[in-house]
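Now for the letters of each chain:
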Amino acid sequence: MIKLQPGKYQAVIRKIWKWSFRSFAFLALYILAVNYNFFWLFGGMPSLQELENPKSQVSSFLIAEDGVELSKYFRENRSPVEFEELSPNIINALMATEDARFSQHSGIDLRSMFRVIFTFGTAGGGSTITQQLAKNLFNTRDAEAAEDGKQYRGLLMRIPKISTVIAKTKEWILAIRLESRYTKQEIMKMYLNEVEFGNNTYGIRVACKTYFGKEVGNVSLKEAAMLIGMLQNPDLYDPRRRPEKCIVRRNTVLMQMVKYSYLSANEAYTLQEQPLDLHFKVENHNTGLAPYFREAIKKQLQAIIKEINSTRSDDEQLNLYTSGLRIYTTLDSRMQAYAEEALREHMIKEQQLFYEHWRGRNPWVDEHMRELKGFLKDAMKRTERYKALMEEMDGDEAKVWEVLKKPVRMTVFSWAGERDTLMSPLDSLSYYKRILNAGFMAMNPNDGHVKAWVGGINFKFFKFDHVRQSKRQPGSTFKPFVYAAALENDVANICENVVDEPVTFDADDGLVRPWTPQNSDGRYSYESMPLRRAMGRSINTISAKLMKEMGPEKVAEFAHRVGIKSELNETPALCLGASEVSLFEQVNAYCTFVNEGYLIEPLLILRIEDKYGNELRRFETTTKQVLTPETAYKMTYMLKGAVLEPGGTAEGLRRYACAQGNDIGAKTGTTSNYSDGWFMGATQHLVAGVWVGGDDRSIHFRSLNLGQGAKMAMPIYGKFMDKVYADPNLRIIGYQKEPFRKPEHVDINCYAAPTDSTAVQMPTAKPSENEDGFLK
């Protein structure tokens, strides 16, 4: 043993003190330099305001009027959770695995740090939960890649190893600051809301739903262990792609819980033998209720947010995808679910019928039912894929078609579920062209609240919205505007009889060649019938006669006044619905009849709140009286004819419970060659519209029996209304069977023996299959 002289001993002590003082002085100066970004070498640090209001990407929620979450807008699918909602299993698993002394330290665990230094990191990491939170919140490690972290990156952080040391130093400083401003519970909550679990899943709430279909407070011990285990490396421990590795990691977490006395060894061994039991369902922009509605209002929301942002500072700017907004809509989650169910139930059968109808033949045909030659190639040339390939291959069409005819692996839509298959892009186009689509919308005519919106059969595979984006010829569903205009202009009387006979339009009506509209069966009965029966049976010649007496200008003006906004061709063919309109417009216009002549603008959004519950905007609908209450009520009486009159085109609706003991106005519609099947239904509390057809007008049934609106569209309405009326919770809030509201001084009695009763009886014989007219 070496003995030091007293003088030498004092010299060594002085050197140690001097070295220690210089080290601590250097460390203090280094920390100050990092903290204050000396000479811009280290990058900035979050301000006090940023620490107190850390920014995190939070999903914005679409919420139904009944309080149910419909869907989200997000880039990172994150839904914040409060500490009180967390299962103890999650808290215990997290502390045992990530930070056993979390409740004891003040942001930095010196014991863990020295362990890392002396074991060179082989015995685990030294970062506390608070340090990890600082890293995740402020992008200290990945600042160059993260847009929000660029202000934290200095000149020295371009050097790999030095950047890691600087980032770690910032995390120490930030951890201490966070601990001084937040409680332990708040820090744990913030951490669990911020972390990633793979599969575009951020935060513990979304992770519990994605992997187990559970709320955050209901996860079991083994489920909590799996989720916490994934935090080390979400890709490596992905339970779907690497279940074996995930189980090993889960079991490690369980043993950590044994180590820190959160769990007994016997319990852990039992749980280690159990499978993962996943109930995996990832949330994305193709899932959830009302995806077409979510997409339809996106532009409106972005415009509103832009307006709000114009009055805010840069630090207060809102973003639809990241600001955690709560958007309260007029949709009813129950009605939306019933609408989607009804459409699905009917379209599965309708598609099968369509396949059988065209078995062995291609369904794209001309007006004479002859196959359109070159249809698929022409359709492919209109696609973005074809245009991109032409550009990529310098216009070499032969090479492009070679690519388009080469089979590749793909996932395609089917009513039995998504199907993985081997198919060429051209064959894929042929497959999808044969699929019928549909649209459905329901609206409360009394307050303008849109209650259900189904824009198509599957949002993932068919993004085009058939409620507002699509415009098609409405066929005979346009005729009520003709009849209403005639009543308003005293061209017809509601109780008068009219005769089914030919009507010809000629040069006096602005036509180059004479045109005599035919009825759907090509014959004229020369029968005299009440006006309501004529509309109920959808007799083309009566619509033509009314149009000829008024002129198309008055009909177009009337339709625009009650809610149709599309441009209408002011020609005689307008009487049969020749001009294209959207389903959205049709529903809105029919609401004017039910709402006593008041045009009410459809309302989609009730209010918008920020993530703290502060109201940003509130919305009200606007109304304007455009018809007299008398004319409006007369039209509800007329619309009931399709259901009640002998030979009415909606007689089949009486098969459904919704028509029993109820006032229902209805109108079917079928266009030329059966390209479009429409149905409009109206009650005092709900007006709904349905469209069914091929996305290409040349794809349709070949017969009226199959291609009419009463067959293609009406069943969706009947199924929907039956589901609505069967729901006692909807009855409580007013969606029940009632007669149409009648003005006090209006009394309609066009029959000596009344045949119109709100107590509709089931037909004793099969209702007539006669359908409304269509363009010839």
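Below is a summary of the structure that appears in this document. (Residues numbered from 1 in each chain as written. Predicted model: local features only at pLDDT ≥ 70, side-chain atom pairs only at ≥ 80, totals over all residues. Heavy atoms only, no water.)

1. Side note on the pattern of salt bridges
Next, step 1: Counted according to the given criterion, the structure contains 41 salt bridges.
Next, step 2: Measuring nitrogen to oxygen at the nearest pair gives 2.6 Å for the salt bridge that ties Lys222 to Asp277. In this pair, Lys222 is assigned in helix H9 (residues 221–230) and Asp277 in the loop between helix H11 (265–272) and helix H12 (291–296), connecting sequence segments 55 residues apart.
Next, step 3: In this structure, Lys548 engages Asp509 in a salt bridge whose closest nitrogen and oxygen atoms are separated by 2.7 Å. With Lys548 in helix H21 (residues 540–550) and Asp509 in the loop between strand S10 (497–499) and strand S11 (528–530), this pair connects stretches of sequence that are 39 residues apart.
Next, step 4: Overall, Lys548 belongs to the partly exposed group, its relative accessible area being 34%.
Next, step 5: Via salt bridges that share partners, Glu85, Arg205, Lys209 and Glu215 belong to a single interconnected network. (Salt bridge = Lys/Arg side-chain N within 4 Å of Asp/Glu carboxyl O. Helix = DSSP H or I, 4+ residues; strand = E, 2+ residues; numbered from the N terminus. Buried < 20%, exposed > 50% of the residue type's maximum accessible area, 1.4 Å probe, protein only.)

2. With respect to the side chain of Thr477
Next, step 1: Here Thr477 lies in the loop between strand S9 (450–454) and helix H19 (479–488).
Next, step 2: Thr477 has contacts with Gln586, Tyr590, Lys667, Thr668, Gly669, Trp678 and Met680, leaving out every residue within four places of it along the chain. (Contact = heavy atoms within 4.5 Å.)

3. A word on H19
Next, step 1: Counting buried positions along H19 yields nine of ten residues, so the element is predominantly enclosed.
Next, step 2: Just downstream of H19 lies Asp490, where phi reads positive at about 60°.

4. Looking at the packing of aromatic side chains
Next, step 1: A complete count under the given rule lists 21 aromatic pairs for this structure.
Next, step 2: Judged by centre distance (5.2 Å) and plane angle (75°), the ring pair of Phe413 and Trp415 falls under edge-to-face.
Next, step 3: Given the relative accessible area of 4%, Phe413 is considered buried.
Next, step 4: Seen from their ring centres, Tyr432 and Phe462 are 5.7 Å apart, and the 75° between their planes marks the pair as edge-to-face. One end of the pair, Tyr432, is in helix H18 (residues 425–433); the other, Phe462, is in the loop between S9 and H19, and 30 residues separate them in sequence. Per residue, the accessibility class of Tyr432 equals that of Phe462, and both read buried.
Next, step 5: An aromatic cluster of three or more residues is present, and its members are Phe413, Trp415, Tyr431, Tyr432, Phe461 and Phe462. (Phe/Tyr/Trp six-rings, centres within 6.5 Å; stacked < 30°, edge-to-face > 60°.)

5. As for helix H13 (residues 298–309)
Next, step 1: When the terminal C-alpha atoms of H13 are compared, their 16 Å separation across twelve residues agrees well with the 16 Å that a helix rising 1.5 Å per residue should span.
Next, step 2: Taken as a whole, H13 has its buried residues at Lys298, Leu301, Ile304, Ile305, Ile308 and Asn309. Down the axis of H13, the buried set is contained in an arc of 135°. They therefore lie on one face. H13 presents Lys299 and Lys306 as exposed residues on the side facing more than 90 degrees away from its buried surface.
Next, step 3: Elements in contact with the buried residues of H13: strand S2 (69–73), H12, strand S5 (326–329), strand S13 (605–609) and strand S14 (615–618). (Expected span 1.5 Å × (residues − 1). Arc of directions from axis to C-beta.)

6. What about the sheet that holds S2?
Next, step 1: Ordered by their spatial adjacency, five strands build an open sheet running S2-S1-S5-S13-S14, and the pairing between neighbours is mixed. Strand pairing shows two members of the sheet lacking a second neighbour, S2 and S14, which therefore form its edges. Averaged over neighbouring strand pairs, the angle between their axes works out to 20° when direction is ignored.
Next, step 2: In this sheet, S2 lies alongside strand S1 (residues 60–63) in antiparallel orientation, the contact comprising four bridges. Following the sheet pairing, Leu62 is matched in S2 by Ser71. (Pairing = 2+ DSSP bridges. Axes fitted to C-alpha atoms, helices over the stretch in contact; angles between N-to-C directions.)

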